[in-house]
Amino acid sequence: MLQLQRHNEIMALLDKHKELTVKELCALLYCSPATVRRDLTEMEKQGLLRRSFGGAVLNDSVFDQQPLSLRGKANVPEKQRLCAKAADMVQAGNTVFIDASSTTYFLAPYLKDIPDLTVITNNPHLNVVLSQMKVNNYCTGGKMLNDSIALVGSEAERFIEGLHADAFFFSARGLSHGLITDSSKEERDIKIAMLAHSDNAYFLCDSQKFDHTYPYVITQQDRVRCFLSDPSDTNIPTC
């Protein structure tokens, strides 16, 4: 199992059990104590968990879910600038995935004049806006997360797995230590599915997300193209 996969498994297990010993993690992950201890040490540095005597405890402070209604009003000019730059990556005839983040919602006006474009998204608000602009689009379906207004779950993931996209545009709650992370496991899983079925992936990150870490790892920063707002104000390199 790759390190990134182990970290995701550890976060899922801690989310369920809240606290686990090294011995328990070894049994669940089929890993050696040395491997588990190295993972826990690295994850503690990232702020994902706290080491306890003989094990680890989930760092609950990273679960600060905010409703979309609040996140959508934050840093709007930055998000619009990011989306304007990112939309230059879309070409006529492309099929693209767009996640349900508050940032990528602002892509819509920059896509309306691209010929023969197809958009697949788990954001029902975006579906409505794109339809009003006469952009061909599909909704993943699935379970609705009421705060995030995001469609998630196995039905949404199966829909995505039956498709292929030229590009995937997404955002997340944090970018730190070379990792892109989120606070929702269900939304993380949708992003990973879209990532796996796209030729190219573009991460849109406004300045409020720099140096913040959340429990669920989506991918490593160097595996995607990053659009960062005000990169000169942070020690995070632009991809």
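Please refer to the structure higher up on the page.
So, here's what we can say about the structure.

Moving on to the pattern of salt bridges. According to the stated counting rule, one finds seven salt bridges in the structure shown. Here Asp-39 makes a salt bridge to Arg-6, at a shortest N to O gap of 2.5 Å. With a gap of 33 residues between them, Asp-39 in helix H3 (residues 33-45) and Arg-6 in helix H1 (residues 3-17) connect regions that are remote in the sequence. The same class applies to Asp-39 as to Arg-6, namely buried. For Asp-189, the salt bridge is made with Lys-185, and the minimal N-O distance between the two is 2.9 Å. Taken together, the positions of Asp-189 and Lys-185, both in helix H9 (residues 185-196) and four residues apart, correspond to about one turn of that helix. The network of salt bridges with shared partners includes Asp-99, Asp-182 and Lys-191.

Across the sheet, six strands lie side by side as E6-E5-E4-E9-E12-E14; this open sheet has parallel pairing. Strands at the two margins of the open sheet, each flanked by one partner only, are strand E6 (136-139) and strand E14 (225-228). Within this sheet the neighbouring strands show an average axis-to-axis angle of 20°, counted without direction. Here strand E4 (residues 95-98) pairs with strand E9 (residues 165-170) via three bridges, running parallel.

Attention shifts here to H9. Compared with an ideal rise of 1.5 Å per residue, which puts twelve residues at 16 Å, H9 spans 16 Å between its outermost C-alpha atoms and is within 8% of the ideal. The set of residues buried in H9 consists of Glu-187, Arg-188, Asp-189, Ile-190, Lys-191, Ala-193 and Met-194.

As summarised here, the arrangement of the three strands in space is E1-E3-E2, forming an open sheet in which the pairing is antiparallel. Every other strand in the sheet has two partners, leaving strand E1 (19-21) and strand E2 (49-52) as the edge strands with one partner each. The mean inter-strand angle of the sheet, taken between neighbouring strand axes irrespective of direction, is 25°. Sheet analysis places E2 next to strand E3 (residues 55-58), joined by four bridges and oriented antiparallel. Across the sheet, residue Leu-49 finds its bridge partner in E3, namely Leu-58. With respect to the sheet, H3 is in contact with E2 and E3, its orientation differing from that of E2 by roughly 130°.

Analysis parameters
Residues numbered from 1 in each chain as written. Predicted model: local features only at pLDDT ≥ 70, side-chain atom pairs only at ≥ 80, totals over all residues. Heavy atoms only, no water. Salt bridge = Lys/Arg side-chain N within 4 Å of Asp/Glu carboxyl O. Helix = DSSP H or I, 4+ residues; strand = E, 2+ residues; numbered from the N terminus. Buried < 20%, exposed > 50% of the residue type's maximum accessible area, 1.4 Å probe, protein only. Pairing = 2+ DSSP bridges. Axes fitted to C-alpha atoms, helices over the stretch in contact; angles between N-to-C directions. Expected span 1.5 Å × (residues − 1). Contact = heavy atoms within 4.5 Å.

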